[in-house]
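Observations on the model geometry
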Amino acid sequence: MTLKPVRAAKLQLHMFAAALLTLLLTAMSARAEEGSASQHSAESVFKWINFAVVAAWVIWLCLKPGPAFFGKRADTISAEIQKSTEAKNTAEKRLHDAEARVQNLENEVAELRATAKRESAAEAERIRNLTQTDTQKIEVAGLAEVDAAARAARMELKTLAANLVVDGAESLLARQLTPAAQESLINNFVKTLDRRPN
């Protein structure tokens with residue numbers, strides 16, 4: 001890609017040099033026909049020599065550093081063209097990808113809706129199962145709490161009944177145990193102690 005612009009630049013330089021040389025020769029021949037006098041010829045020769053030196057310098061300038069300058073410029077332009085081509089190809093690829101996505105957008109939306117519906121149903125089922133599990137746990141905890149409360153109530157009733165029995169027995173004993181009955185009980189107890197061997 002870089003060879004063609006360099007060759008074209010060299011060809012243009014050669015054509016320019018040939019055109020300049022042709023112009024120089026044409027001008028010299030026209031001048032030679034005009035001036036026939038000898039004094040003009042010496043002056044004319046110096047002018048032509050001066051013109052030839054300047055023309056040679058311009059031609060040398062075009063032929064020596066010119067191709068390097070124009071070659072570098074051509075290389076730079078070629079590199080820029082290549083970068084532009086790559087950027088264009090990348091942009092076209094992205095455009096085609098975007099167009100394909102737009103065409104598939106309806107399918108993607110339908111898939112997203114179906115996925116959302118499935119996930120929603122799964123979430124509802126999960127919440128339903130979680131609610132049933134929580135209900136069962138609450139029911140079990142409630143039954144355990146009722147059982148514990150019933151046991152506590154039974155224990156309290158037993159304690160209350162025992163206290164009532166003891167209170168009733170105390171009052172009954174207090175009514176039936178007179179000082180004479182107490183003395184008789186103590187005497188009987190002492191007698192049983194006396195009968196026991198030591």
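Residue indices follow the written sequence of each chain, beginning from 1 at its first position. For this predicted model, a pLDDT threshold of at least 70 governs which residues receive local features, and a threshold of 80 or more governs which side-chain atom pairs are given and counted, while totals over whole chains, interfaces and linings are taken from all residues. Side-chain metrics rest on all non-hydrogen atoms present in the structure, leaving aside hydrogens and water.

What follows deals with the overall build of the protein. Helix and strand definitions here come from DSSP, where helices need a minimum of 4 consecutive H or I residues and strands a minimum of 2 consecutive E residues; each element is numbered from the N-terminal end. The number of helices and strands found in the protein is 4 helices and 0 strands. Secondary structure elements of the protein occur, N-terminal to C-terminal, as α-α-α-α. The rule is simple: take the accessible area with a 1.4 Å probe, protein chains only, and divide by the maximum for that residue type; under 20% is buried, over 50% is exposed, in between is partly exposed. Classification of the 198 residues of the protein by burial places 6% in the buried group.

By the secondary structure assignment, F16 is in helix α1 (residues 3-34). Between the C-alpha atom of F16 and that of I59, which follows or precedes it by 43 residues, the distance is 8.6 Å.

Moving on, we come to the pattern of salt bridges. When a carboxyl oxygen of Asp or Glu is within 4 Å of a side-chain nitrogen of Lys or Arg, the pair counts as a salt bridge. For the structure shown, the criterion picks out 3 salt bridges. A salt bridge links E92 to K88; the shortest N-O distance between them is 3.9 Å. In this pair, E92 and K88 are both assigned in helix α3 (residues 65-176), 4 residues apart and thus about one turn of the helix distant. The partner of E125 in a salt bridge is R128, and the shortest N-O contact between them spans 2.5 Å. Here R128 and E125 lie together in helix α3, a separation of 3 residues that amounts to about one turn.

This part takes up a nonpolar patch on the surface. Think of a patch as exposed residues, more than 30% relative accessible area, with no salt bridge, where like charges cluster within 9 Å and nonpolar side chains (Val, Leu, Ile, Met, Phe, Trp, Tyr) cluster within 5 Å. Only the protein chains shown count as cover for residues, and the accessible areas themselves come from Shrake-Rupley with a 1.4 Å probe. A cluster of nonpolar side chains, namely V45, F46, I49 and V53, defines an oily patch on the protein surface of about 410 Å² accessible area. Among the secondary structure elements, V53 is positioned in helix α2 (residues 38-63).

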